[in-house]
Amino acid sequence: PLFYHDNPADPRVFSVGGFSKLIGPGIKVGWVQAHPALLKPLGAVGYIASGNNPVIFMSGLLKHFITSGNCARHIAHVSATFAKKKDLMVDGLRKVGLKPNNPMGGYFVWVKTDGHKRTGRSGKGMSLDPDAFDDYMRLCFAFPTEEEIVEGIRSLGKSADEEGVETVPRT
């Protein structure tokens, strides 16, 4: 977390994390890491000090989920599932001649497009600064099924052929 790089003599960084990506959407329990001088005032926030924080019940459930070993089993299952889907996507993209990265984790593969972006309804960049990533597609492997990944790759491969995009030699 970035707070480890904060200046202790003049702390300014809060690092905020949560369980929603680790366990699942809707888990509204998280944590704050920061220099003690920055954390101290948070203890005076009413709903934290009163014990009536709305996440207390969920925190109890999470404690059991973690201490029972179910969290570790869940993470192992999701990691294996996502790794398989990521490998399917990366291998498939390479087979149709595209140039994906091969991430070690996360939910997305970035694909170099050499200026021929083919994602989004408009085919244009989808970021705050669309030109910043104009030569890349960011493709999610976490949500789609394996069948949808294969179909998406097939579509991207056809699109690359139709546009005459220079790709790496197909294997």
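Above this text sits the structure in question.
Bear in mind the structure is a predicted one, so any value in this text is a computation, not a measurement. (Residues numbered from 1 in each chain as written. Predicted model: local features only at pLDDT ≥ 70, side-chain atom pairs only at ≥ 80, totals over all residues. Heavy atoms only, no water.)

**With respect to the overall build of the protein chain**
Working step 1: For the protein chain, the helix and strand inventory stands at five helices and five strands.
Working step 2: Reading the secondary structure of the protein chain in the N-to-C direction produces β-β-α-α-α-α-β-β-β-α.
Working step 3: Within the protein chain, counting contacts between residues at least 6 apart in sequence, those at least 24 apart form 54% of the total.
Working step 4: Per element, the accessible surface of the protein chain, about 11,700 Å² overall, is 60% carbon and sulfur. (Helix = DSSP H or I, 4+ residues; strand = E, 2+ residues; numbered from the N terminus. Contact = heavy atoms within 4.5 Å. Areas by Shrake-Rupley, 256 points an atom, 1.4 Å probe, with all protein chains shown as cover.)

**Overview of helix H4 (residues 70-95)**
Because an α-helix completes one turn every 3.6 residues, residues spaced three or four positions apart along the sequence face the same direction.
Working step 1: The terminal C-alpha atoms of H4, which comprises 26 residues, lie 37 Å apart, in line with the 38 Å expected from a rise of 1.5 Å per residue.
Working step 2: Taken as a whole, H4 has its buried residues at Cys71, Phe82, Lys85, Lys86, Met89, Val90, Gly92 and Leu93.
Working step 3: Downstream of H4 by a residue or two, Gly97 has a phi angle that is positive, lying close to 90°. (Expected span 1.5 Å × (residues − 1). Buried < 20%, exposed > 50% of the residue type's maximum accessible area, 1.4 Å probe, protein only.)

**A word on the side chain of Asp6**
Working step 1: With respect to the secondary-structure elements, Asp6 resides in the segment before strand S1 (14-18).
Working step 2: Here Asp6 occupies a buried position and makes no salt bridge, while the nearest side chain of opposite charge, Arg12, is found at 6.4 Å.
Working step 3: A distance of 2.7 Å separates a polar side-chain atom of Asp6 from the backbone nitrogen of Arg12.
Working step 4: Within polar-contact distance, the side chain of Asp6 engages the backbone nitrogen of Val13 at 2.8 Å.
Working step 5: With near-sequence residues (within four places) excluded, Asp6 lies in contact with Pro11, Arg12, Val13 and Leu38. (Lys, Arg positive; Asp, Glu negative; His and termini not counted. Salt bridge = Lys/Arg side-chain N within 4 Å of Asp/Glu carboxyl O. Polar contact = N/O pair within 3.5 Å; in protein donor to acceptor, adjacent residues only side chain to side chain.)

**Observations regarding the sheet that holds strand S3 (residues 99-100)**
Working step 1: Here we have three strands laid out as an open sheet, ordered S3-S4-S5, and antiparallel in their pairing. Here the strands that pair on one side only, and so sit at the sheet edges, are S3 and strand S5 (136-140).
Working step 2: Here strand S4 (residues 108-112) runs beside S5; their pairing, made up of five bridges, is antiparallel. What sits directly across from Lys112, in S5, is Tyr136. (Pairing = 2+ DSSP bridges.)

**A closer look at a nonpolar patch on the surface**
Working step 1: A cluster of nonpolar side chains, Phe14, Val16, Val32 and Leu42, forms an exposed patch at the surface whose accessible area comes to about 330 Å².
Working step 2: Relative to the assigned elements, Phe14 resides in strand S1.
Working step 3: Judged by its relative accessible area of 41%, Phe14 is partly exposed. (Patch = residues over 30% accessible without salt bridge, like charges linked within 9 Å, V, L, I, M, F, W, Y side chains within 5 Å.)

**Overview of the packing of aromatic side chains**
Working step 1: For the structure on display, the rule yields four aromatic pairs.
Working step 2: Summarising the aromatic geometry, the rings of Phe82 and Phe141 are spaced 6.4 Å apart at their centres and angled 80° between planes, so their arrangement reads as edge-to-face. Placement of Phe82 in helix H4 and of Phe141 in the loop between S5 and helix H5 (146-163) is noted, with a sequence separation of 59 residues between them. As far as burial versus exposure is concerned, Phe82 and Phe141 are alike and both buried.
Working step 3: By way of ring pairs, the aromatic residues Phe82, Tyr107 and Phe141 are connected into one cluster.
Working step 4: When the ring centre of Phe108 is taken as origin, the NZ or CZ atom of Arg138, which lies over that ring, is 3.5 Å away. (Phe/Tyr/Trp six-rings, centres within 6.5 Å; stacked < 30°, edge-to-face > 60°. Lys NZ or Arg CZ within 6 Å of the ring centre and 35° of its normal.)

**Considerations on the pattern of salt bridges**
Working step 1: Taken as a whole and assessed by the stated rule, the structure comprises four salt bridges.
Working step 2: Here Glu146 ties to Lys84 by a salt bridge, and the two come within 3.5 Å at their closest N and O atoms. Of the two residues, Glu146 is situated in helix H5 and Lys84 in helix H4; the sequence distance between them amounts to 62 residues.
Working step 3: With relative accessibility at 31%, the residue Glu146 sits in the partly exposed group.
Working step 4: Lys84 sits in the exposed class, given a relative accessible area of 52%.
Working step 5: Note that Arg154 and Glu151 form a salt bridge whose closest N and O atoms lie 2.5 Å from each other.

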